[in-house]
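Here is what each chain is made of, one letter per residue.
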Amino acid sequence: MKIGVLGAGRMTEALAGRWIEAGHEVFIGGRTPEKAADLAKSLGAAGAGTLREAAAYGDVILLAVLREGLESTLAAAGAGEGTLAGKTVVDVGNSVDTEDWSQVTWEGRSMAERAAELAPGSHVVKAFNLAFSDVWKTPPVYGGRPLAVPFAGAAEGKSVTRKLIQEVGAAPLDAGDLSQTPHLEAMGCVVIRQLFGGAHLGSTFAFLTPDDA
Ligand SMILES: NC(=O)c1ccc[n+]([C@@H]2O[C@H](COP(=O)([O-])OP(=O)(O)OC[C@H]3O[C@@H](n4cnc5c(N)ncnc54)[C@H](OP(=O)(O)O)[C@@H]3O)[C@@H](O)[C@H]2O)c1
């Protein structure tokens, strides 16, 4: 599978690295081209370049940017012109104000819902937002089981998201459609507050899946 990445930060380093190991071809697009190129080189990615090039490259898109960069990133990727139409966009973003730990929304809509608005025709699915980036660098095991990773979003994007979750050694847990993404982002606020407060960096919500019964 060809994965185009929007964002060249810590989540990309963790997740794209695992998907390259799993045999996917990854192209990293970044706001800062040198940073994207350095990361691509260190991960052994297929290439690096602009956000628009990454949008064109991927059959599936990893959206891994800070909330402050959501709109400019999708604009630079050409999302408003339909470059992401028909593609699954896996959004890992969190949206918390670390001054008062409130959830930042777009008039009540989540970051994932805002991404879906800005990328018409795309299939946005939220996943991987509930644990620190390093958790994804090795197969995450909690309570002796693969970590269950809640994901929510467009039905058309769920099958590929399940596969990508399994390929990091975790267990997919369907949390519903896009309307549930504000809840996943609220849960992200809880996790991030604990991490900032000194909790173990592996802290997350550890669910059991129906298969664990
Ligand atoms: N790090 C974690 O442990 C973690 C865990 C779960 C979820 N998340 C979420 O995942 C997303 C990515 O996190 P990350 O840690 O990978 O972030 P990061 O390393 O800080 O940066 C990711 C990307 O965001 C871009 N960016 C930052 N501010 C921007 C702005 N104002 N305008 C345009 N682009 C901007 C950066 O561009 P440059 O390349 O130019 O710097 C970078 O490519 C965030 O929403 C975060 O909340 C993070």
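Described below are features of the structure shown in this document. All figures in this text were calculated on a predicted structure; none of them were measured in a lab. (Residues numbered from 1 in each chain as written. Predicted model: local features only at pLDDT ≥ 70, side-chain atom pairs only at ≥ 80, totals over all residues. Heavy atoms only, no water.)

Right, let's get into helix α7 (residues 181-196). Between the first and last C-alpha of α7 there are 22 Å, a value that for 16 residues agrees with the 22 Å anticipated at 1.5 Å per step. Along α7, the residues that are buried comprise Thr-181, Pro-182, Leu-184, Glu-185, Gly-188, Cys-189, Val-191, Ile-192 and Leu-195. A positive phi of about 105° marks Gly-198, the residue just after α7. (Helix = DSSP H or I, 4+ residues; strand = E, 2+ residues; numbered from the N terminus. Expected span 1.5 Å × (residues − 1). Buried < 20%, exposed > 50% of the residue type's maximum accessible area, 1.4 Å probe, protein only.)

Taken together, 24 residues are adjacent to the ligand, and Ala-8, Thr-32, Lys-35, Val-65 and Ser-133 come closest. Within the backbone of Ala-8, an N or O atom sits 2.8 Å from an oxygen atom of the ligand. Note that an oxygen atom of the ligand is positioned 2.8 Å from one of the side-chain N or O atoms of Arg-31. Out of a free accessible area of 890 Å², the ligand has 84% covered by protein chains. Contributing elements (two or more residues each) for the shell around the ligand: α1 (10-21) and α4 (70-76). (Near = heavy atom within 4 Å. Polar contact = N/O pair within 3.5 Å; in protein donor to acceptor, adjacent residues only side chain to side chain. Areas by Shrake-Rupley, 256 points an atom, 1.4 Å probe, with all protein chains shown as cover.)

As paired elements, strand β11 (residues 148-153) and strand β12 (residues 171-174) share four bridges and run parallel to each other. Bridge pairing in β12 links Pro-150 to Leu-173. Taking the sense of rotation as the criterion, the β-α-β connection linking β11, helix α6 (residues 158-167) and β12 turns out right-handed. (Pairing = 2+ DSSP bridges. Right-handed = clockwise from strand over helix to strand, strands pointing away.)

In this structure, Leu-15, Trp-19, Val-26, Ile-28, Phe-128 and Trp-136 are the most contacted members of the largest nonpolar core, which totals 35 residues. Counting residues per element, the ones that place at least two in this core are β1 (2-6), α1, β2 (25-29), α2 (33-43), β4 (60-63), β11 and α6. Aside from chain neighbours lying at most four places away, what touches Ile-28 is Val-5, Gly-7, Ala-8, Thr-12, Ala-36, Leu-39, Ala-40, Leu-43, Ala-45, Gly-47, Ala-48 and Gly-49. Leu-70, Val-89, Met-111 and Val-124 belong to the second largest nonpolar core, which has 20 residues in total. (Core = buried A, V, L, I, M, F, W, Y, C linked by side-chain atoms within 4.5 Å. Contact = heavy atoms within 4.5 Å.)

Okay, the pattern of salt bridges next. Applying the stated criterion across every chain, the model contains 13 salt bridges. With a closest N to O distance of 2.7 Å, Arg-114 and Glu-117 form a salt bridge. Linking Arg-114 with Glu-117, this pair stays in helix α5 (residues 111-118), spanning three residues, or about one helical turn. Its salt-bridge partner being Glu-185, residue Lys-126 comes within 2.7 Å of it at the nearest N-O pair. Of the two residues, Lys-126 is situated in strand β8 (residues 123-126) and Glu-185 in helix α7; the sequence distance between them amounts to 59 residues. (Salt bridge = Lys/Arg side-chain N within 4 Å of Asp/Glu carboxyl O.)

Looking only at α6, the buried set comprises Lys-158, Val-160, Thr-161, Leu-164 and Ile-165. Taken end-on, α6 shows its buried residues confined to a sector of 160°, consistent with a single buried face. The positive-phi residue at the C-terminal boundary of α6 is Gly-169, with phi of around 85°. (Arc of directions from axis to C-beta.)

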